Amino acid sequence: MLDHLGHTEAAAAVASAIETVLADTGVRTADVGGPPAPPRSPRSCCGWSEQLPGRVEPVITVGLTGGIGSGKSTVSALLAHGAVVVDSDLVAREVVEPGTPGLAAIAEAFGPEVLRPDGTLDRPALSARVFADPAALARLNAIVHPRVGERAAELVEQARRDGADVVVHEVPLLVENGLAPRCDAVVVVAADPATQLDRLVRLRGMSETEAQQRIAAQAQLADKLAVATHVIRNDGPLEELAPQVDRLWVELTAVAERRAAGG
């Protein structure tokens, strides 16, 4: 049975949080090339948390990963109709929204020039400051990572109290950070590199060079497949993806039922 995930694992799970904080925001079109995936609220995303006495653990914990542009967010949005979805990237955005202590701390550390006129974080301005200065990046890490971990722990605790049977952790760097052994199941969303490249250029507005660099920076698909218990192929439209996710959900809930029954 899965051991609890403590604060060390929490830090690894949010290893991409700084990249998320620095990335430009905007409406994100579903990677499958169809209509946008159903939106998720902060309530539907949680994070790793340590087990404390008297708390109800989720029946099964699922790690969801895949390369950039593979369609992880689309799959997790479909799973969110039944599961509690854990998304450290969404939590990372939440903790630096206007009015939060996280954004106030960033403004204090880096000056008002990293804020837009409407009070939101100016991510390109902040990025220019920290990536040219390792000490500045360390300061940003010290601000963001603890807040992501704390907020994630609050949300996953609520999911446990609500009696969640399946908790899906969407972690882009799950394989890179060695988190696969901590999960009861690992779902890899797989897409051909050409498909990933097309989505990043056509849907996210990246240059071809930037898209290729982002793809190359992540673990190879073969490394992800090596730890997968379930594989979702996502090179086609949503109509081809949804039935695969439906079958996955049936399998996951069957495991949850057996676990609940002590099997």
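Before reading on, note that the structure itself is shown above.
Attention in this report is confined to the structure presented alongside it. (Residues numbered from 1 in each chain as written. Predicted model: local features only at pLDDT ≥ 70, side-chain atom pairs only at ≥ 80, totals over all residues. Heavy atoms only, no water.)

1. Here we look at the environment of Ala 180
Working step 1: Mapped onto the elements of the fold, Ala 180 is located in the loop between strand 3 (166-170) and strand 4 (185-190).
Working step 2: Linking Ala 180 and Thr 229, residues 49 residues apart in sequence, is a C-alpha distance of 9.9 Å.
Working step 3: Not counting residues up to four positions away in its chain, the partners in contact with Ala 180 are Leu 174, Val 186 and Val 227. (Helix = DSSP H or I, 4+ residues; strand = E, 2+ residues; numbered from the N terminus. Contact = heavy atoms within 4.5 Å.)

2. As for the pattern of salt bridges
One side chain can pair with another of opposite charge once the charged atoms of both are near each other.
Working step 1: Across all of its chains, the model carries nine salt bridges by this definition.
Working step 2: Here Asp 184 ties to Arg 259 by a salt bridge, and the two come within 3.7 Å at their closest N and O atoms. On the criterion of sequence distance, the pair formed by Asp 184 in the loop between strand 3 and strand 4 and Arg 259 in helix 11 (residues 238-260) is long-range, its members being 75 residues apart.
Working step 3: On the basis of relative accessibility, which here comes to 26%, the residue Asp 184 falls in the partly exposed class.
Working step 4: Taking relative accessible area as the criterion, Arg 259 reaches 26% and is therefore assigned partly exposed.
Working step 5: Two residues, Arg 233 and Asp 192, come together in a salt bridge whose shortest N-O distance is 3.2 Å. Here the residue Arg 233 occupies a position in strand 5 (residues 230-233), and Asp 192 occupies one in the loop between strand 4 and helix 8 (193-202), the gap between them amounting to 41 residues.
Working step 6: For Asp 192, a relative accessible area of 39% translates into the label partly exposed. (Salt bridge = Lys/Arg side-chain N within 4 Å of Asp/Glu carboxyl O. Buried < 20%, exposed > 50% of the residue type's maximum accessible area, 1.4 Å probe, protein only.)

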